[in-house]
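# Notes for the structure review
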Amino acid sequence: MAKGRTTVFFCQNCGHESAKWMGQCSGCGQWNTFVEETIEKTSVRRIQKERAAAGPVCLSSIDTDKEMLRVAFDDGKIVDYDFSQLEELELAYAITIHKSQGSEYPAVIMPLLTGPKMLLNRNLLYTGVTRAKNCVTILGSRETVNQMIANESEQKRYTGLRERICEIMKQDLD
């Protein structure tokens, strides 16, 4: 194979894509429907970028014997990746607002469900929203968001920090 080119197999029946030839298509279950195509690696990257722009994906299975990873896309398309192609996939993580403090992310998705009033306050909403560089998506009811905006209460903390600082400052003065 020429440098800069790669082989991809497509099911003629459903369009399922695989990095390796498979007798039976895992997308539609039909036998011997795969056709081999040799395409430029830049085309593969372009296709993957288009898919990434189309929406999130879900890892559906890992087959260590065949060295294949199956990914389900939002549009319903299922693609098998060879282990050698895994660097083409980008991982996403979910973390709490508290853990995200001091960090910034390109996009933030905040699922806001009902909960204890002491946790659903304006400060938490502000912290979550200000973690985003470009995009914030809030999932939940308008009512919950409005309740958080209206909830200015902060829980009084009894940490003893003030007393400890005073002790240290007093020792430094002596």
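Just above sits the structure.
So, here is what we can say about the structure in this document.

Conventions used here
Residues numbered from 1 in each chain as written. Predicted model: local features only at pLDDT ≥ 70, side-chain atom pairs only at ≥ 80, totals over all residues. Heavy atoms only, no water. Helix = DSSP H or I, 4+ residues; strand = E, 2+ residues; numbered from the N terminus. Buried < 20%, exposed > 50% of the residue type's maximum accessible area, 1.4 Å probe, protein only. Contact = heavy atoms within 4.5 Å. Salt bridge = Lys/Arg side-chain N within 4 Å of Asp/Glu carboxyl O. Core = buried A, V, L, I, M, F, W, Y, C linked by side-chain atoms within 4.5 Å. Arc of directions from axis to C-beta. Axes fitted to C-alpha atoms, helices over the stretch in contact; angles between N-to-C directions. Parallel < 35°, antiparallel > 145°, perpendicular 65-115°, else oblique. Pairing = 2+ DSSP bridges. Right-handed = clockwise from strand over helix to strand, strands pointing away. Polar contact = N/O pair within 3.5 Å; in protein donor to acceptor, adjacent residues only side chain to side chain.

It is worth spelling out the overall build of the protein at this point. Check the secondary structure of the protein and you find five helices and eight strands. Start at the N end of the protein and walk to the C end: the helices and strands fall as β-β-β-α-β-β-β-α-β-α-β-α-α. Taken over 174 residues, the protein has a buried fraction of 26%. Of all intrachain contacts in the protein linking residues separated by at least 6 positions in sequence, the fraction that spans at least 24 positions is 51%.

Turning to the pattern of salt bridges, a few remarks are in order. Enumeration according to the criterion identifies three salt bridges in this entry. Between Asp80 and Arg70 there is a salt bridge whose closest N-O contact spans 2.8 Å. With a gap of 10 residues between them, Asp80 in strand 6 (residues 78–82) and Arg70 in strand 5 (residues 68–73) connect regions that are remote in the sequence.

Below, the discussion takes up the nonpolar core. Ile97, Val108, Met110, Leu112, Leu120, Leu124, Leu125, Ala132, Val145 and Met148 together form the largest nonpolar core, which totals 10 residues. Residue assignment for this core shows that the elements contributing at least two residues are strand 7 (105–112), helix 3 (122–129) and helix 4 (142–150). By residue number, the principal contributor to this core is strand 7, which donates three residues. Residues within four places of Leu125 in sequence aside, it is in contact with Met110, Leu112, Ile138, Val145, Met148 and Ile149.

Looking at the element boundaries, Val136 is found in strand 8 (residues 132–140). According to the relative accessible area criterion, Val136 is partly exposed, its value standing at 34%. Each residue touching Val136, except ones within four places of it in the same chain, is listed here: Val108 and Val129.

Buried residues of helix 3: Leu124, Leu125, Thr127 and Gly128, and no others. Buried residues in helix 3, looked at end-on, bunch into an arc of 165 degrees, giving them a common side. Packing partners of the buried residues in helix 3 comprise helix 2 (97–100), strand 7, strand 8 and helix 4.

This paragraph deals with the packing of helix 3 against helix 4. Relative orientation and spacing of two packed helices are given, respectively, by the angle between their axes and the distance between those axes. Running from N to C, helix 3 and helix 4 point in directions that differ by 110 degrees, and their axes come no closer than 6 Å. In terms of their interaxial angle, helix 3 and helix 4 are classed as roughly perpendicular. Residues Arg122, Leu124 and Leu125 of helix 3 pack against Val145, Met148 and Ile149 of helix 4.

It is worth spelling out the pairing of strand 7 at this point. Pairing between strand 7 and strand 8: seven bridges, direction parallel. Note on strand 8: the bridge partner recorded for Val108 is Val136. Crossover connection from strand 7 via helix 3 to parallel strand 8: handedness right-handed.

Quick look at the side chain of Asp80 now. Its relative accessible area of 3% is what places Asp80 among the buried residues. Among the polar contacts made by the side chain of Asp80, one reaches the side chain of Arg70 at a distance of 2.8 Å. Those residues in contact with Asp80 that lie beyond four places of it in its chain are His16, Glu17, Ser18, Ala19, Met22, Ser26, Met68, Leu69, Arg70 and Gln85.

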